[in-house]
Amino acid sequence: GESVGLHLPTLSVQEGDNSIINCAYSNSASDYFIWYKQESGKGPQFIIDIRSNMDKRQGQRVTVLLNKTVKHLSLQIAATQPGDSAVYFCAENRASGTYKYIFGTGTRLKVLA
Amino acid sequence: IAGITQAPTSQILAAGRRMTLRCTQDMRHNAMYWYRQDLGLGLRLIHYSNTAGTTGKGEVPDGYSVSRANTDDFPLTLASAVPSQTSVYFCASSDQGDTGELFFGEGSRLTVL
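Figured I'd write up the structure that's included with this text.

Rules used in this analysis
- Residues numbered from 1 in each chain as written.
- Chains lettered and ligands numbered in written order.
- Predicted model: local features only at pLDDT ≥ 70, side-chain atom pairs only at ≥ 80, totals over all residues.
- Heavy atoms only, no water.
- Helix = DSSP H or I, 4+ residues; strand = E, 2+ residues; numbered from the N terminus.
- Buried < 20%, exposed > 50% of the residue type's maximum accessible area, 1.4 Å probe, protein only.
- Contact = heavy atoms within 4.5 Å.
- Areas by Shrake-Rupley, 256 points an atom, 1.4 Å probe, with all protein chains shown as cover.
- 1 Å grid on protein atoms, 1.4 Å probe; cavity = no way out; pocket = protein on both sides within 12 Å on 5 of 7 lines; lining within 4 Å.
- Points joined across faces, edges and corners; volume = space filled by probe spheres on them.
- Nonpolar A, V, L, I, M, F, W, Y, C, P; charged D, E, K, R; others polar.
- Pairing = 2+ DSSP bridges.
- Axes fitted to C-alpha atoms, helices over the stretch in contact; angles between N-to-C directions.
- Salt bridge = Lys/Arg side-chain N within 4 Å of Asp/Glu carboxyl O.

Describing the overall build of chain A
No. 1: Broken down by element type, chain A carries zero helices and 10 strands.
No. 2: The order of α-helices and β-strands along chain A, N terminus first, is β-β-β-β-β-β-β-β-β-β.
No. 3: Classification of the 113 residues of chain A by burial places 42% in the buried group.
No. 4: Considering only residue pairs separated by 6 or more positions, chain A has 52% of its internal contacts joining residues 24 or more positions apart.
No. 5: Counting every atom, chain A has about 5600 Å² of accessible surface; 48% of that belongs to carbon and sulfur.

Comments concerning the layout of surface pockets
No. 1: A volume near 560 Å³ is recorded for the largest pocket.
No. 2: Lining of the largest pocket is provided by 29 residues; of these, Q38 and G41 of chain A together with Q37, V88 and R109 of chain B occupy positions nearest its centre.
No. 3: Taken together, the elements giving at least two residues each to the lining of the largest pocket come down to β8 (86-93) of chain A together with β4 (31-38), β9 (87-94) and β11 (108-112) of chain B.
No. 4: At four residues, the largest contribution of residues to the lining of the largest pocket is made by β11 of chain B.
No. 5: Partitioned by chemical class, the residues of the lining of the largest pocket number nine nonpolar, 14 polar and six charged.
No. 6: Empty space within the second largest pocket amounts to approximately 230 Å³.
No. 7: As for the second largest pocket, its lining consists of 15 residues, and the residues nearest its centre are P44 and Q45 of chain A together with F103, F104 and E106 of chain B.
No. 8: Looking at the lining of the second largest pocket, the elements that each hand over two or more residues are β4 (45-51) of chain A together with β10 (103-104) of chain B.

Considering the sheet that holds strand β8 (residues 76-78) of chain B
Residues and elements named next belong to chain B.
No. 1: Read from one edge of the open sheet, four strands run β1-β3-β8-β7, paired in antiparallel fashion. Among the strands making up the open sheet, the edge pair consists of β1 (4-7) and β7 (64-66). Taken pair by pair, the neighbouring strands of this sheet meet at an average axis angle of 15°, ignoring direction.
No. 2: Relative to strand β3 (residues 19-25), β1 runs antiparallel, the two being bridged by four bridges. Paired with T5 across the two strands is T24, which belongs to β3.

Concerning the pattern of salt bridges
No. 1: Enumeration over the complete set of coordinates arrives at eight salt bridges over all chains.
No. 2: Taking the shortest distance from any N to any O, the salt bridge between R61 of chain A and D84 of chain A comes out at 2.9 Å. Here R61 of chain A is found in the loop between β5 (56-58) and β6 (62-67), whereas its partner D84 of chain A is found in the loop between β7 (72-77) and β8, with 23 residues between them in sequence.
No. 3: Residue classification places R61 of chain A among the partly exposed positions, given a relative accessible area of 30%.
No. 4: The salt bridge partner of D38 of chain B is R36 of chain B, with a shortest N-O separation of 2.8 Å.
No. 5: Look at R36 of chain B and you get buried, because its relative accessible area is 8%.

With respect to the sheet that holds β7 of chain A
All names here are of chain A.
No. 1: The four strands lie next to each other as β2-β7-β6-β5, forming an open sheet whose pairing is antiparallel. Of all strands in the sheet, those bounded by a partner on one side alone are β2 (19-24) and β5. Each strand of the sheet is rotated relative to its neighbour by a mean of 15°, with strand direction disregarded.
No. 2: When β2 meets β7, the two strands line up antiparallel, connected through six bridges. Looking at the pairing, A24 lines up with H72 of β7.

What follows is the structure, given as structure tokens:
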């Protein structure tokens, strides 16, 4: 989801369930996308990336899906664990060679025991 | 442990004062970045550097300056701090330019009174 105003959208998920976090990007010219996880008081950490010539990429317990038609990115986390509680950001690179990643505002994931 | 080191971790500063946030990486990455993070606005790029000796402006460069005298260091200077510069600042680096993972520091929390 995308943030409106000062409040991050929050996704609450039961431990063990799957989580799906969504992100809309704005520039059809973006050709590289990253998902980051940020725990409270820490810097963002890389989770998974995907290039625009792919629709899906899987990592350990995570899958990123890219739908270029509607400019939508999603992060799926399987068997969500308490340690997955964090804010998740998507980032896009809008123009190859400019080194200018643009970040989404983030979604807070809360894992319920 | 290899990575990015930022200093100070936290600082309270009077408006009008000069402040330099330090950033050092030991991964020999070519590209380095400074972002500010504000609630509801996500990470916004202040300045970046493709390689030692070069710098560029990001989304919100006004009131900030950077230098890149060598590969490892990328200090961010606020010449005359203003309250709107109260934020959490993150330094990042990457070795693949526009299609590579960004490695982030732990952040510097700056409060300007």
